[in-house]
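Geometric and topological summary
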Amino acid sequence: MTFIKPLFLLLLSASILGISSGCAALPNVSEKIDAAPTAQEPQQIVSVKGLLSPKQSNAIMERLKRSVAPTDILERHIAVVESVTESPLTKGNSVALLADGQATYAAMFKAMQNAKDHINLETYIMEDDEVGRKFADLLLQKHAEGVQVNLIYDSVGGMNTPAAFFQRLRDGGIQVVEFNPINPLKAREQWELIHRDHRKILIIDGKVAIMGGVNISDVYSSRPFRRKQDKKAPIHWRDTDIQIEGPAVAEFQKLFLETWLTQKGPKLSERNYFPDLKEKGNALVRVIGSTPGQTNRIPFIIYMSAITFAAHSIYMTNAYFIPDDQILKALTDAARRGVDVKIMLPGITDSQLALYAQSYYYSELLKSGVKIYEHGTSLLHAKTAVIDKIWSTVGSTNMDHLSLLHNNEVNAVVLSREFAVEMEKMFVRDLADSRQIQWAEWEKRPLFQRIRTWFVHLFSRWL
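Residues numbered from 1 in each chain as written. Predicted model: local features only at pLDDT ≥ 70, side-chain atom pairs only at ≥ 80, totals over all residues. Heavy atoms only, no water.

Looking at the side chain of Lys200
Structurally, the position occupied by Lys200 is in the loop between β6 (175–179) and β7 (201–204). A distance of 3.0 Å separates a polar side-chain atom of Lys200 from the backbone oxygen of His198. If we skip the residues at most four places from it in the chain, Lys200 touches Glu122, Thr123, Tyr124, Ile210, Met211, Gly212, Gly213, Val214, Asn215 and Ser396. (Helix = DSSP H or I, 4+ residues; strand = E, 2+ residues; numbered from the N terminus. Polar contact = N/O pair within 3.5 Å; in protein donor to acceptor, adjacent residues only side chain to side chain. Contact = heavy atoms within 4.5 Å.)

Observations concerning the packing of aromatic side chains
Here the distance between the centres and the angle between the planes together describe a pair of aromatic rings. Applying the stated rule across the entire model yields 10 aromatic pairs. Considering the side-chain rings of Phe165 and Phe166, the 5.2 Å spacing of their centres and the 90° angle between planes classify their relative orientation as edge-to-face. Take Phe165 and Phe166: they sit in the same class, and that class is buried. An angle of 85° between the planes, with centres 5.3 Å apart, marks the rings of Tyr360 and Tyr361 as edge-to-face. On the accessibility criterion, Tyr360 (34% relative accessible area) is partly exposed. An aromatic cluster is defined as three or more aromatic residues linked by ring pairs; in this entry it consists of Tyr105, Phe109 and Phe135. (Phe/Tyr/Trp six-rings, centres within 6.5 Å; stacked < 30°, edge-to-face > 60°. Buried < 20%, exposed > 50% of the residue type's maximum accessible area, 1.4 Å probe, protein only.)

Points about the packing of helix α4 (residues 76–84) against helix α9 (residues 298–308)
Helix packing for two helices is described by the angle between their axes and how far apart those axes are. Between α4 and α9, whose axes approach to 9 Å, the crossing angle comes to 165°. Between α4 and α9, the interaxial angle falls into the category roughly antiparallel. Along this stretch, α4 crosses α9, giving a crossing that reads as right-handed. In contact with His77, Val80, Val81 and Val84 of α4, α9 contributes Ile298, Ile301, Ile302, Ser305 and Ala306. (Axes fitted to C-alpha atoms, helices over the stretch in contact; angles between N-to-C directions. Parallel < 35°, antiparallel > 145°, perpendicular 65-115°, else oblique. Left-handed = near helix turned anticlockwise from the far one by under 90°.)

Things to note about the nonpolar core
Core analysis: the largest hydrophobic core is formed by 64 residues, its most contacted members being Leu331, Val341, Leu365 and Trp391. The greatest single-element share of this core, amounting to eight residues, is contributed by α9. Those residues in contact with Val341 that lie beyond four places of it in its chain are Ile314, Leu331, Ala334, Ala335, Val370 and Lys371. One finds Met211, Trp260, Tyr315 and Val394 within the second-largest nonpolar core, a separate group that totals 35 residues. (Core = buried A, V, L, I, M, F, W, Y, C linked by side-chain atoms within 4.5 Å.)

Brief notes about the pairing of strand β16 (residues 383–387)
Most of β16 is tucked away, with five of its five residues classed as buried. The two faces of β16 match: Lys383, Ala385 and Ile387 on one face and Thr384 and Val386 on the other face are all buried. Pairing between strand β12 (residues 313–318) and β16: five bridges, direction antiparallel. In the strand pairing of β16, Asn318 is matched with Lys383. As paired elements, β16 and strand β17 (residues 391–395) share four bridges and run antiparallel to each other. Counted as the bridge partner of Thr384 is Val394 from β17. Taking the residues that link successive antiparallel strands as the turn, the β16-β17 hairpin has three residues, and the phi of Asp388 there is positive, at about 55°. (Pairing = 2+ DSSP bridges.)

Digging into the environment of Met61
Along the chain, Met61 falls in helix α3 (residues 54–66). C-alpha of Met61 to C-alpha of Leu284: the two residues are 223 residues apart in sequence and 9.9 Å apart in space. Beyond its immediate sequence surroundings of up to four residues, Met61 is in contact with Gln43, Ile45, Leu74, Ile78 and Leu284.

Below, the structure is given as structure tokens:
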């Protein structure tokens, strides 16, 4: 049986990770919702000139409300978010959707080539392959031109990349930080194997940010423990990033510099990391970062709250879908109250165990009316959602325990009717390459498949 060997490795990993993970638990979001103010107070919106007046904020929110059918996303949900995070809702942003690695890399290379002051790059995986070497060559070139280049890569994500690859960058003058080294002798303070930096952020001159799920790899992105060298034609990876210009870029910059500081990176040279920014578009954007050890796991709370207050539609795409009980209940409750809930999940995967684990939840979801689709033509790696034609998110957060509890993650939440339309169009295109899971067929699945799914689910916290 092909799943026995990886399951053995999973059990071994679980025994190690269980020691370091402690009793971490996700927050009770119902309590957060109950504690949030219910009065219709003006939203806190920040422009390039600072905090808007209540009158200005109300005018913006009223325009948004008129653009869509009635939804609590624009009032009650935002009140919950503002009660748990200090990350501001910023106006005046342009947001461009980048579907797949080819579009993302093209945008990244163009932005890097235009850099004049600095390039800050934070990634989970940076491989020594054709794509990785192109990035390295351009970064070294920009440094030679006088641009300050700072790189953060994750130690686990980079474990398949030779040390010489990063040493070449250091020798070329690039500042490089290895996030939470695997080697305990290199640990800066407490050795934290399970705490990974899963973010993917590129910031150019403090004015342009590109973020999402795409790593730096020929395959676009993958999990280092599960990648296999294969000389056959590569499987296409389906992923999503966005490019943002406007005041929200400063929030990505803050996250990058905070990580650099906590990882005790080399002293950064004096650069214009926070330039004066101009409004570039009409989108409202909130940047949501998370790190382990916080009482509030912000991306989880925001996902939960948005699903809870959805009134019409929830279209979610997620690469590693192993939801906790709260997410599962929120999705099934939404479907039962008449919300059109569609979830797109991988049908092809780099982790067969994760595929088995996600299917454990199909029965409960399908019986409640949730529509499930498995993407069949590509390896789905995107982490996105669009709700009620106005609320969208793109980021690095998977719907699994490692991502929600233990990783550094980042998501952008976009309030824009125009951007939501683009997100829905992308979702519909992906549906054309997906197979819907039908309850009548699912309930007839073989006994062995049921047992295998149940057994793998027992260890889902470590997938």
